Amino acid sequence: MSEALLAAAEAPPAAELAFDRLYRASRDDVFAYVASLLGDRAAAEEVTAAAFERAYRKRSRFDPRRGEPRAWLFGIARNAALDELRRRGRQAELSAEPADLAAELEESAERSERRLAVATALAALAPRERELIALKFFAGLSNAEIAAVTGVSESNAGTKLHRAVTKLREACDGAL
Amino acid sequence: MERYSHDPLAEALRELRPTPRPEFAAELDRRAAAGFPPPEEPHGAPARSRIRRLVARLAAVPPRRVALPAGGLAVAAAVVAAVAVMSYESEPQQPPLGGRGDAEAGIHESALRPNVNPDGAAQSADRIAQAAGTPPKVEEFWEAQRAEGRSGDHLRASGESPGAGSPDAKFHAFSEKAPSASATLAPASRGGVAAQTRNRDIERSAELTLATDPAGVGDAASQVFDAVHAQRGIVLRSSTREGEAGEAGAYFELLIPSGRLGDALAALSEVAEVRSRREATADITAPTITVGERLQDSRARIDGLLAQLADADTEAEREAVERELRGERRRAAFLRSRLARLNRRANFARVSVRIETGAPSSSAGGGWGVGEALGDAGRILTVAAGVALIGLAILGPIALIALLAWLAHRAWLRRARQRTLG
């Protein structure tokens, strides 16, 4: 009995456990999203770490009645990434670094060509459309979560996402 | 992502998904496990970065955690301010007793100071008397008393009412008969007194309650007489009672020269323990000047009627002038009496001294009980509410401006981030 009490006393509080679960489930997704916005891996690492630190400090202020934890986390990451872009005086970019592509040259030429076509088509999209693609396919957010992050309605988010995917598909026509 | 789960485009996009370096991921995992400790400040780190981290930490604090200590601090500040205001208000600044209001009390303080000197009682009358070249009435009175062989020792009375031979009655008669100094003022100088804003006719009064044991009443009464005599005052009325505590006591009604009132009260306060002391002033300059001017006019009319009487040709004219002359003289006598009373009120302060024995009565104002405690508590709450209201009036607009500025900043930041996306 006393050991159980001791274990309970030593166990981290529920909020700590919840944040830990959120961190582990979202770490790579947040990095992928931030990297796609900044187009700079080093800056993406800094912003990702800053976003998680900021979320950790504000974890007690999160109200579950106002939205999902992932949407809340990605909102923080989005603001951190946009602030970094503003600080650099650059607009959002979405591109794969040449090193990533070069590493894939060892794969089949067909696959490399497809990736290049998709990357080129992605780069041709408007920044907002690229962000929606990144939130959906890089971060794995649902339409409702995307709507919460971008500050639009769920139906609006779904419509805009569909248009972005359609444009991307048309631009990649033949390569896929 | 179920809609795009089997989409070649989705698969291609997933292949483009950036992934973190293993070293970065491990470092981030370590920091997350440690609760994101703040990085160690390198030696000589700029203060700006430290301030930025401090601001970030403060911004991360939930509002309710700030509201509680801030609210407590505000309440403590309000209490301190209330105590400070209460301490200021509790300083002895007693309002005047009776009097005829602020309009007449007016500049009584500034008027009193120039008149406070050992011969202050004469100064009030001097303002008019010296202008007319006549000696002050107070000195004349004492000279007359000494000439009659009466000294201050005869003022020790016990239970006597003022009779015809008492100093009070004699002073009244002396004041009535003595020519009013204002009546001899030349018309040209009539405006001189009124123009002297420093010289005002101020009626002063005081109430003093002393406490002693029953055996000490007689000695205290004797000391009161001595103090009055030392200040050239007059005991209008006095009474003493012997008995047990609460029954024994004494009461005095005194006239003290106005300029010596302070010294007299100081001397009387040393007779026994002071339970209460109250002073009051009233400015009677306006009625004094008015009555003086009316008396001058009456005398001028009397002179004119006397001249008419000398020029009267017939008996009927003579009777008419004499009839009018009698009326005017009665009026002059009435005005003279009024002026003398006004001058007496200005020259002499009425002081009542009560000697009590036994426990102080609450009605005398010396006790402190539940009623007084409730009154004090009410005053404290009133002052605290006033301080809080003033604080809100000051901080409210500031807080509103700060809130609007914060909202504007957030809106601007939101728009700036949106513009970043193009």
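Residues numbered from 1 in each chain as written. Chains lettered and ligands numbered in written order. Predicted model: local features only at pLDDT ≥ 70, side-chain atom pairs only at ≥ 80, totals over all residues. Heavy atoms only, no water.

*Asks:* Got a minute to help me understand the side chain of Thr-357 of chain B in this structure?
*Replies:* All names here are of chain B. Tracing the chain through its elements places Thr-357 in the loop between strand 5 (348-356) and helix 15 (370-420). A distance of 2.9 Å separates the side chain of Thr-357 from the backbone nitrogen of Gly-246, its partner in a polar contact. Here Ala-248 takes part through its backbone oxygen, which lies 2.7 Å from a polar atom of the side chain of Thr-357. Leave out the neighbours within four places in its chain, and Thr-357 touches Thr-212, Asp-213, Pro-214, Val-217, Glu-244, Ala-245, Gly-246, Glu-247 and Ala-248. (Helix = DSSP H or I, 4+ residues; strand = E, 2+ residues; numbered from the N terminus. Polar contact = N/O pair within 3.5 Å; in protein donor to acceptor, adjacent residues only side chain to side chain. Contact = heavy atoms within 4.5 Å.)

*Asks:* For this particular structure, what's the right way to read the nonpolar core?
*Replies:* A general feature of soluble globular proteins is that nonpolar side chains tend to end up buried together. By size, the foremost hydrophobic cluster in this structure holds 60 residues, and its most contacted members are Tyr-33, Val-34, Phe-74, Ile-133 and Leu-168 of chain A together with Leu-13 of chain B. Top contributing element to this core by residue count: helix 2 (residues 14-38) of chain A, with 11 residues. Discounting residues that sit within four places of it in the chain, Val-34 of chain A has contacts with Ala-44, Val-47, Thr-48, Ala-77 and Ala-81 of chain A. Core analysis: the second largest hydrophobic core is formed by 26 residues, Ala-221, Ala-250, Ala-272 and Val-353 of chain B among them. (Core = buried A, V, L, I, M, F, W, Y, C linked by side-chain atoms within 4.5 Å. Buried < 20%, exposed > 50% of the residue type's maximum accessible area, 1.4 Å probe, protein only.)

*Asks:* Which parts of the structure should I look at to understand the interface of chain B and chain A?
*Replies:* Quite often, the size of an interface is put as the accessible area lost when its parts meet. Residue-level contacts link 43 residues of chain B with 50 residues of chain A. The junction of chain B with chain A conceals about 4400 Å² of combined surface from both sides, 59% of it contributed by carbon and sulfur atoms. On the chain B side of the interface with chain A, the three residues burying the most area are Leu-16, Arg-417 and Leu-421 of chain B, jointly 16% of the side's total. Here chain B is connected to chain A by 7 salt bridges. Between Asp-83 of chain A and Arg-417 of chain B there is a salt bridge, with its nearest N and O atoms 2.8 Å apart. Here chain B is connected to chain A by 15 residue pairs in polar contact (both at pLDDT 80 or more). Secondary-structure elements contributing two or more residues to the side of chain B that touches chain A are helix 1 (8-16), helix 2 (22-33), helix 3 (47-60), helix 4 (63-89) and helix 15 of chain B. (Buried area = accessible area lost by both parts, 1.4 Å probe. Salt bridge = Lys/Arg side-chain N within 4 Å of Asp/Glu carboxyl O.)

*Asks:* What is the right way to look at the pattern of salt bridges in this model?
*Replies:* Close approach of charged atoms lets side chains of opposite charge pair. All names here are of chain A. Within the structure shown, the criterion is met by 30 salt bridges over all chains. With its nearest N and O atoms 2.7 Å apart, the salt bridge here joins Arg-88 to Glu-84. Residue Arg-88 and its partner Glu-84 are located together in helix 4 (residues 69-88), separated by 4 residues, close to a single helical turn. Here the salt bridges share partners, and the residues they tie into one network are Asp-40, Glu-84, Arg-87 and Arg-88.

*Asks:* Just to check I follow, could you spell out the sheet that holds strand 2 (residues 234-241) of chain B for this structure?
*Replies:* Adjacent strands of a sheet form backbone hydrogen bonds with each other and so pair up, either parallel or antiparallel. Residue and element names in this part refer to chain B. In spatial order, the strands read 2-3-5-1-4; together these 5 strands make up an open sheet with mixed pairing. A single partner strand is all that each edge strand has here, and the edge strands are strand 2 and strand 4 (273-283). Within the sheet, the average angular offset between the axes of one strand and its neighbour, ignoring direction, is 10°. Bridging between strand 2 and strand 3 (residues 249-257) involves 7 bridges; their strand directions are antiparallel. Note on strand 3: the bridge partner recorded for Ser-238 is Phe-252. Running at roughly 5° to strand 1 (residues 202-211), helix 12 (residues 261-269) makes contact with strand 1, strand 3, strand 4 and strand 5 of the sheet. (Pairing = 2+ DSSP bridges. Axes fitted to C-alpha atoms, helices over the stretch in contact; angles between N-to-C directions.)

Taken by themselves, the reported measurements are silent on function.
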